[in-house]
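Survey of secondary and tertiary structure
Next come the chains, spelled out residue by residue.
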Amino acid sequence: MDFYLDTADINQIKEIDKWGILRGVTTNPSIIAKTGRDYQEAVSEVLAIMGNRPVSVETLKDDAEVIVEQGKKYREWGNNVVVKVATTEEGLKALSELRKLGIPTNATLIFSLNQGILAAEAGANYISPFVGRLDDIGADGIGLVEDCVNYVEENGLDCKIISASLRSPQHLEESAKVGAHIATCPYSLLTKALKHPLNDIGLKAFLDDWEKAKKKLKK
Ligand code: G3P
């Protein structure tokens with residue numbers, strides 16, 4: 001499973017990049033708004049840091065023609081842009097048109113298998129089921145990721161499933177277990193996922209034992 005960061009915070013991207021696991025970034029208008037910066041300016045900095053790794057950049061209107069034009073414009077900002085499109089009727093038209101133009105897309109706001117199938121069949125290169133938002137209303141977010149993975153794999157579609165809207169380390173492990181191709185994570189989730197109390201206790205014991213042994217050796 002590939003790890004993406006769901007952020008536009010440059011410091012978070014630089015930090016996680018040092019871990020050697022960062023394969024891409026996803027953003028959305030709410031994430032960009034949090035930076036307090038101009039849309040293009042915030043996105044361009046992320047694109048530059050990520051080099052040739054994919055960065056999803058969301059379109060800002062529910063109108064197929066406008067989405068396609070915005071998608072073309074975003075691709076001028078960087079050739080690692082993946083155009084993020086909300087899964088609506090207009091979105092499907094835009095996904096299919098962008099596929100014809102060879103512009104990669106990520107179909108977002110996927111809350112049902114029907115939406116996932118339609119977006120994948122329309123030509124989306126990535127689809128993003130929203131796990132946390134489904135779990136928030138008592139639905140089965142991970143179950144949807146699994147169903148989407150099965151559908152694209154059984155039908156041989158050129159479409160990767162991004163497990164999105166992840167809230168907990170459990171979501172991350174479950175995403176891997178059901179075969180999600182990608183998990184996009186907030187920074188706070190990745191740092192939590194690495195933590196384990198037995199790891200902290202074990203490391204402290206190893207270091208303390210070695211300090212004691214060194215003292216004895218000096219005597
Ligand atoms: O970027 C899409 C998704 O990951 C949003 O997550 O936490 O706003 O539901 P969240």
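Residues numbered from 1 in each chain as written. Predicted model: local features only at pLDDT ≥ 70, side-chain atom pairs only at ≥ 80, totals over all residues. Heavy atoms only, no water.

Moving on to the overall build of the protein chain. Helices and strands together make up the secondary structure of the protein chain, namely 11 helices and eight strands. C-alpha atoms of the protein chain, sized along the principal axes, occupy 80 × 35 × 30 Å. Scored against the burial criterion, the 219 residues of the protein chain give a buried share of 43%. Here the protein chain displays about 11500 Å² of accessible surface, and carbon together with sulfur accounts for 52% of that area. (Helix = DSSP H or I, 4+ residues; strand = E, 2+ residues; numbered from the N terminus. Buried < 20%, exposed > 50% of the residue type's maximum accessible area, 1.4 Å probe, protein only. Areas by Shrake-Rupley, 256 points an atom, 1.4 Å probe, with all protein chains shown as cover.)

Another point: the pattern of salt bridges. Scanning all chains against the criterion turns up 14 salt bridges. A salt bridge links lysine 84 to glutamate 58; the nearest nitrogen and oxygen atoms lie 3.9 Å apart. Taken together, the positions of lysine 84 in strand β4 (residues 81-86) and glutamate 58 in strand β3 (residues 55-58) put the pair 26 residues apart, joining distant regions of the chain. Side by side, lysine 84 and glutamate 58 carry an identical accessibility label, which is buried. Salt bridges sharing common partners tie together Arg37, Glu41 and Glu45. (Salt bridge = Lys/Arg side-chain N within 4 Å of Asp/Glu carboxyl O.)

The side chains of a regular strand alternate between both faces of the sheet. In terms of residue burial, strand β5 (residues 105-110) counts as a mostly covered element, since five of its six residues are buried. Here four bridges tie β4 to β5, and the two strands are oriented parallel to one another. Within β5, the position partnered with valine 85 by the bridge is alanine 107. Tracing the backbone out of β4, into helix α5 (residues 89-100) and back to the parallel element β5 gives a crossover that is right-handed. One ladder, built from three bridges, connects β5 with strand β6 (residues 126-129); its direction is parallel. Residue pairing in the sheet places asparagine 106 in a bridge with tyrosine 126 of β6. For the handedness criterion, the β-α-β arrangement of β5, helix α6 (residues 113-122) and β6 is classed as right-handed. (Pairing = 2+ DSSP bridges. Right-handed = clockwise from strand over helix to strand, strands pointing away.)

Another aspect to go through is the layout of surface pockets. If you add up the space inside the largest pocket, you get close to 450 Å³. Along its surface, the largest pocket is lined by 24 residues, and Asp6, Thr7, Asn28, Ile31 and Lys34 are the ones closest to its centre. Where the lining of the largest pocket is concerned, the elements lending two or more residues are α2 (29-35) and β5. Tallying contributions element by element places α2 first for the lining of the largest pocket, with four residues. Residue composition of the lining of the largest pocket, grouped by class: seven nonpolar, 11 polar and six charged. (1 Å grid on protein atoms, 1.4 Å probe; cavity = no way out; pocket = protein on both sides within 12 Å on 5 of 7 lines; lining within 4 Å. Points joined across faces, edges and corners; volume = space filled by probe spheres on them. Nonpolar A, V, L, I, M, F, W, Y, C, P; charged D, E, K, R; others polar.)

This part takes up a positive patch on the surface. There is a patch of like positive charges on the surface, built from Lys215, Lys216, Lys218 and Lys219. Here lysine 219 lies in the segment after α11 (197-218). Take lysine 219: its relative accessible area is 84%, and that puts it in the exposed class. (Patch = residues over 30% accessible without salt bridge, like charges linked within 9 Å, V, L, I, M, F, W, Y side chains within 5 Å. Lys, Arg positive; Asp, Glu negative; His and termini not counted. Charge placed at Lys NZ, Arg CZ, Asp CG, Glu CD.)

Let us now look at the packing of aromatic side chains. In this structure the tally under the stated criterion is three aromatic pairs. A ring pair is formed by phenylalanine 111 and phenylalanine 130, whose centres lie 5.5 Å apart and whose planes are at 70°; its orientation type is edge-to-face. With phenylalanine 111 in the loop between β5 and α6 and phenylalanine 130 in the loop between β6 and α7 (131-136), the pair connects residues that are 19 residues apart, well separated along the chain. Clustering of aromatic rings is evident, with ring pairs tying together Tyr39, Tyr74 and Trp77. (Phe/Tyr/Trp six-rings, centres within 6.5 Å; stacked < 30°, edge-to-face > 60°.)

Our next topic: the packing of α6 against helix α8 (residues 141-154). Each pair of packed helices can be described by the angle between their axes along with the distance between the axes. Direction vectors running N to C along α6 and α8 enclose 35°, while the axes themselves pass 10 Å from each other. Seen from above, α6 lies across α8 with right-handed handedness. Here Leu113, Gly116, Ile117, Ala120 and Glu121 of α6 lie close against α8, whose contacting residues are Leu144, Asp147, Cys148, Tyr151 and Val152. Residue classes in the contact of α6 with α8 are distributed as seven nonpolar, one polar and two charged. (Axes fitted to C-alpha atoms, helices over the stretch in contact; angles between N-to-C directions. Left-handed = near helix turned anticlockwise from the far one by under 90°. Contact = heavy atoms within 4.5 Å.)

No statement about biological role is implied by the geometric values presented.
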